[in-house]
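Below are the chains, spelled out letter by letter.
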Amino acid sequence: QKEVEQNSGPLSVPEGAIASLNCTYSDRGSQSFFWYRQYSGKSPELIMFIYSNGDKEDGRFTAQLNKASQYVSLLIRDSQPSDSATYLCALYLATGFQKLVFGTGTRLLVSP
Amino acid sequence: NAGVTQTPKFRILKIGQSMTLQCTQDMNHNYMYWYRQDPGMGLKLIYYSVGAGITDKGEVPNGYNVSRSTTEDFPLRLELAAPSQTSVYFCASKASSSSYEQYFGPGTRLTVT
């Protein structure tokens, strides 16, 4: 089983809709979870960080963490064409000295 | 602050050639990382460093070497380039063990033919 799993997509949503991106992980000891956005040909940029069970909101973005079920999700409200990108889920393993492990990413397409 | 800078932006190597990818950060960060990203894939850790003089292997270190003689610089050396090393290489840095955000450089796109 991969340490971090994501559906590669593409996930297509119309402008103004809610986009829901999901990620599951295998290491029960992982404590810190991240969502990075990566535009084509660019480097990843951090958009959300969550370490407690429940929801964390930042503007149009909400990260949800469920450690018992080992999944983390990202909701994007009022999706805009500019949100079209690949979203990478990442986590720090419980062991492994501050090393991020990334999923393969989900490609999001927001159509006008 | 320039943040994390990488050179070159693009490079084409022939099989068996060697090169060094440069990475510099001006944020006085202790932690630095090298990742590679193959098409349609996530990032895989090659090497990392927790401070000057201290480096360690990540998931995919074979075919690469690193050094960290200063806080600012973390070069990645490719010896005997192979087609399997065709990838985009990202350098990243993080302030300390208690900080969580890694800041990424713009990447180097390497093709080995």
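Every value quoted in this text rests on a predicted model; they were computed, and no experiment measured them.

Novice: Explanation requested: the state of the cysteines in the structure shown.
Specialist: Covalent bonding between the sulfur atoms of two cysteines defines a disulfide. Residues and elements named next belong to chain B. Under the defined criterion, the tally for this structure stands at two disulfides over all chains. The disulfide bridge from Cys-23 ends at Cys-91, spanning 1.8 Å between sulfur atoms. Linking Cys-23 and Cys-91, the disulfide has an S-S dihedral of approximately -70 degrees and is accordingly described as left-handed. Residue Cys-23 is found in strand 3 (residues 19-25), and its partner Cys-91 is found in strand 9 (residues 87-94); the two are separated by 68 residues along the sequence. Given the relative accessible area of 0%, Cys-23 is considered buried. Given a relative accessible area of 0%, Cys-91 falls into the buried group.

Novice: Sorry if this is basic, but what is going on with the pattern of salt bridges here?
Specialist: Note that side chains of opposite charge can pair when their charged atoms are close. For the structure on display, the rule yields five salt bridges over all chains. Residue Glu-45 of chain A is joined to Arg-37 of chain A by a salt bridge in which the shortest nitrogen-to-oxygen separation is 3.1 Å. Judged by relative accessible area, which is 14%, Arg-37 of chain A ranks as buried. The closest approach of N and O atoms between Glu-79 of chain B and Arg-77 of chain B, which form a salt bridge, is 3.1 Å. The class of Arg-77 of chain B is partly exposed, set by a relative accessible area of 31%.

Novice: Whenever I open this one, the environment of Ser-43 of chain A confuses me. Can you help?
Specialist: Examined against the element boundaries, Ser-43 of chain A turns out to sit in the loop between strand 4 (32-38) and strand 5 (45-50). Engagement of the side chain of Ser-43 of chain A in a polar contact is seen with the backbone oxygen of Gly-105 of chain B, the distance being 3.3 Å.

Novice: How should the packing of aromatic side chains be read in this particular structure?
Specialist: Each aromatic ring pair is described using two quantities: the centre-to-centre distance and the angle formed by the ring planes. Under the counting rule described, the total for this entry stands at 17 aromatic pairs over all chains. Taking the centre distance of 6.5 Å and the plane angle of 40 degrees together, the rings of Phe-34 of chain A and Tyr-36 of chain A count as tilted. Here the two residues Phe-34 of chain A and Tyr-36 of chain A agree in accessibility, since each one is buried. Stacked on the ring of Tyr-31 of chain B, the Lys or Arg Lys-94 of chain B has its end atom at 4.5 Å from the ring centre.

Conventions we followed
- Residues numbered from 1 in each chain as written.
- Chains lettered and ligands numbered in written order.
- Predicted model: local features only at pLDDT ≥ 70, side-chain atom pairs only at ≥ 80, totals over all residues.
- Heavy atoms only, no water.
- Disulfide = S-S within 2.5 Å.
- Helix = DSSP H or I, 4+ residues; strand = E, 2+ residues; numbered from the N terminus.
- Buried < 20%, exposed > 50% of the residue type's maximum accessible area, 1.4 Å probe, protein only.
- Salt bridge = Lys/Arg side-chain N within 4 Å of Asp/Glu carboxyl O.
- Polar contact = N/O pair within 3.5 Å; in protein donor to acceptor, adjacent residues only side chain to side chain.
- Phe/Tyr/Trp six-rings, centres within 6.5 Å; stacked < 30°, edge-to-face > 60°.
- Lys NZ or Arg CZ within 6 Å of the ring centre and 35° of its normal.

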